[in-house]
Amino acid sequence: MAEWIHTVTARTPTNIAVIKYWGKRDESLILPVNDSISVTLDPQHLCTTTTVAVSPSFDQDRMWLNGKEISLSGGRYQNCLREIRARGEDFENKEKGIKIAKQDWQKLRVHVASYNNFPTAAGLASSAAGLACLVFALAKLMNAKEDASQLSAIARQGSGSACRSLYGGFVKWIMGKEVNGSDSLAVQLADENHWDDLVIIIAVVSSRQKETSSTTGMRDTVETSILLQHRAREVVPKRIVKMEEAIRNRNFSLFAQLACADSNQFHAVCLDTCPPIFYMNDTSHRIISCIEKWNRFEESPQVAYTFDAGPNAVLIARNRKTAALLLQRLLYFFPPSADTDMGSYVLGDKSILKDAGVEGINDVQALPPPPEIKDNVPAQRNGGEVSYFICTRPGRGPLLLSDESLALLDHSTGLPK
Ligand SMILES: Nc1ncnc2c1ncn2[C@@H]1O[C@H](COP(=O)(O)OP(=O)(O)OP(=O)(O)O)[C@@H](O)[C@H]1O
Ligand SMILES: C[C@@](O)(CCOP(=O)(O)OP(=O)(O)O)CC(=O)O
C-alpha cells in the first residue's frame, strides 16, 4: 500500500495596526517594547492560503511560496516549526490508515505550500498573514490543542505582527513581562461584527526604492531614538486605554484621532532614528493632507489614515457613505494613468465604485473638486502616483478549508498542484 499523506489547508487574514508595534526588547523571541492594537482585514480581499502536509515518505521539510520553492532554514521558520512540533498530539484517521503518535511529530517531515492573494513583500503585511497561517495550519495538522492566544505567541516568533492575525475584528498584542515571552500574546478586543460600518480603502502607492525592512528599521530605532523611549513608556500605554474605549463604544472620532496620531508618531520615531528612515513619500504626504483638510472641513473626522513601513495608505472610513465620498476624492486627486482601466485600478469590494457614481474613466475625469478645496488654488491631479486601490473591511480570523479542491498540495504526491 502506498504511504499515506495527511494534509490540512487554512486561510488567514492580514492585519493593520492602529496603535503600532515598533521596537523589540528581545530580538530572538520577538518581544515588543509596547502593546499594539490592530484591525484584521477581510480575508476575501487580503489573505494567505496555506496547505501543510505530512507523510512518512517526505525526507525533508520543504516550502513553496506563491509557486516557488523557498528555504525553511531561517531561524523564524525553524522556531515556529519547533514550537508546534513540541505541541503535537496523537492523531488517527482509520479510513485512510493514518496513525501518528505524539512523539512521531519530531521526526516526520512536512511540506508547505502557500499563496498570498495580494502582492508579497509590497508593504501589505504578507509576513503577518503568512506566518499566522503557517502556525495555524501546522497546529491543526499536528492536532495541537492550543487556543488562538497560545498559537499567537508562536506566530509572534515568526513575525511580531503575525500574532495579531490569529483573530478577526479588533486585536490587542499584549507586550507581556516574562523574560521567556510566554505572556506576550494576542487577545481579541471585539469581533468583526462589533463595528461593521467601517470601510477600509488601501492606496497602494507606486514606489521605486526598496525600503528598510521592519526588522532592521526597528532595530536601528531601538538603538538610536530617544523619542522611542518616550513613546513606549509614556504615550502608547495611555493611547492603548483610549483606543480600547474608542473600539468598545464605536467612537469613530476618538478612534480616528488616535490612529492618525499614532501613525504620525511612528513615522516621527523613524525620522528620529540614526540614520533616519523615510517610509512615507510625497504621495503619502499628499494623501494625509487630503484627509486632514476634509476632516477639518467637516469639523469631525470622516476618515482615519495609517501607514506602516512603506508609502501605502490604509484609510478607514466611518461608513459606506463616507467611503464613497473618500473614493471620489482619491480618484479626483489620484486618477489612473491613461492606459489603466478602472477594473484593475479599484480592486476588492468594487461596489463602492458604484456608490461613488464612478464606473468608467469618463466619470473620473468629470469629478468636481471636493468642496474643502474650492476657495484655494486649483488642486493638482496626480495621475500615476497610486498603483491601485483595494476596498475592503474588517474581517474574520483564520479558517480551516475542508474543500479538497482548494488545497495547494496534491494529496497523492505531496507536491504543489
Ligand atoms: N504566505 C507566506 N507564508 C510564509 N511566509 C511568508 C508568506 N508571505 C510572506 N512570507 C514571508 O514574509 C516575507 C515578506 O515580508 P516583508 O516584511 O518583507 O514584507 P511584507 O510583510 O509584505 O510587508 P511589510 O512587513 O512591510 O508590511 C517573505 O519574504 C517571506 O519570507
Ligand atoms: C510598522 C509595523 O507594520 C511593523 C511590523 O513589523 P513586523 O511584524 O513585520 O516585524 P518583525 O517582528 O521584525 O517581523 C507596525 C505593526 O504592524 O504594528
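To start, this report covers the structure provided alongside it. Computed from a prediction, not measured in an experiment: that's the story for all the values here.

1. A word on the site of ligand 2
Then comes step 1: The immediate surroundings of ligand 2 are formed by 17 residues, with Tyr 21, Lys 24, Arg 76, Ser 159 and Ser 161 found nearest.
Then comes step 2: The separation between an oxygen atom of ligand 2 and a polar side-chain atom of Tyr 21 is 2.6 Å.
Then comes step 3: One nitrogen or oxygen atom from the side chain of Thr 215 is found 2.8 Å from an oxygen atom belonging to ligand 2.
Then comes step 4: Contact with the protein chains covers 94% of the free accessible surface of ligand 2, which is 460 Å².
Then comes step 5: It is helix 4 (residues 214-224) that contributes the most residues to the shell around ligand 2, three residues altogether.
Then comes step 6: Per-class residue counts for the shell around ligand 2 are seven nonpolar, five polar and five charged.
Then comes step 7: Looking at which domains feed residues into the shell around ligand 2, each of domain 1 (6-192 + 401-406) and domain 2 (199-392) supplies at least three.

2. Focus: the sheet that holds strand 14 (residues 199-205)
Then comes step 1: Read from one edge to the other, the open sheet built from five strands follows the order 15-16-14-18-17, with strand pairing classed as mixed. Of all strands in the sheet, those with a lone pairing partner are strand 15 (303-306) and strand 17 (346-348), marking the two edges. Between one strand axis and the next, the sheet turns by 25 degrees as a mean value, whatever way the strands run.
Then comes step 2: Pairing of strand 15 with strand 16 (residues 313-317), which is carried by four bridges, proceeds in the antiparallel orientation. Its bridge partner being in strand 16, Ala 304 is matched across the sheet by Ile 316.
Then comes step 3: Docked against the sheet, helix 6 (residues 252-271) engages strand 15 and strand 16, running at close to 20 degrees with respect to strand 15.
Then comes step 4: Contacts from helix 7 (residues 282-298) reach strand 14, strand 15, strand 16 and strand 18 (386-392), with the element oriented near 155 degrees to strand 15.

3. Considerations on the packing of aromatic side chains
Then comes step 1: Going through the model one piece at a time under the given rule, you end up with 12 aromatic pairs.
Then comes step 2: Aromatic pair Trp 22 and Phe 266: ring centres 4.8 Å apart, planes at 55 degrees, arrangement tilted. Linking Trp 22 in the loop between strand 2 (15-19) and strand 3 (24-26) with Phe 266 in helix 6, this pair joins segments that are 244 residues apart in sequence. Here the two residues Trp 22 and Phe 266 agree in accessibility, since each one is buried.
Then comes step 3: Connected via pairs of aromatic rings, a cluster forms that spans Phe 170, Trp 195, Phe 252 and Phe 255.

4. Some details on the site of ligand 1
Then comes step 1: Around ligand 1, the surrounding shell holds 16 residues, and the nearest of these are Tyr 77, Ser 114, Asn 116, Ser 126 and Ser 127.
Then comes step 2: With respect to ligand 1, the side chain of Asn 116 contributes an N or O atom lying 2.9 Å from a nitrogen atom.
Then comes step 3: Within the complex, 76% of the 630 Å² of free accessible area of ligand 1 lies under protein.
Then comes step 4: Looking at the shell around ligand 1, the elements that each hand over two or more residues are strand 7 (62-65), strand 11 (109-116) and helix 2 (126-141).
Then comes step 5: For the shell around ligand 1, the per-class residue count stands at eight nonpolar, eight polar and no charged.

Basis of the calculations
- Residues numbered from 1 in each chain as written.
- Chains lettered and ligands numbered in written order.
- Predicted model: local features only at pLDDT ≥ 70, side-chain atom pairs only at ≥ 80, totals over all residues.
- Heavy atoms only, no water.
- Near = heavy atom within 4 Å.
- Polar contact = N/O pair within 3.5 Å; in protein donor to acceptor, adjacent residues only side chain to side chain.
- Areas by Shrake-Rupley, 256 points an atom, 1.4 Å probe, with all protein chains shown as cover.
- Helix = DSSP H or I, 4+ residues; strand = E, 2+ residues; numbered from the N terminus.
- Nonpolar A, V, L, I, M, F, W, Y, C, P; charged D, E, K, R; others polar.
- Domains from an automatic or database assignment.
- Pairing = 2+ DSSP bridges.
- Axes fitted to C-alpha atoms, helices over the stretch in contact; angles between N-to-C directions.
- Contact = heavy atoms within 4.5 Å.
- Phe/Tyr/Trp six-rings, centres within 6.5 Å; stacked < 30°, edge-to-face > 60°.
- Buried < 20%, exposed > 50% of the residue type's maximum accessible area, 1.4 Å probe, protein only.

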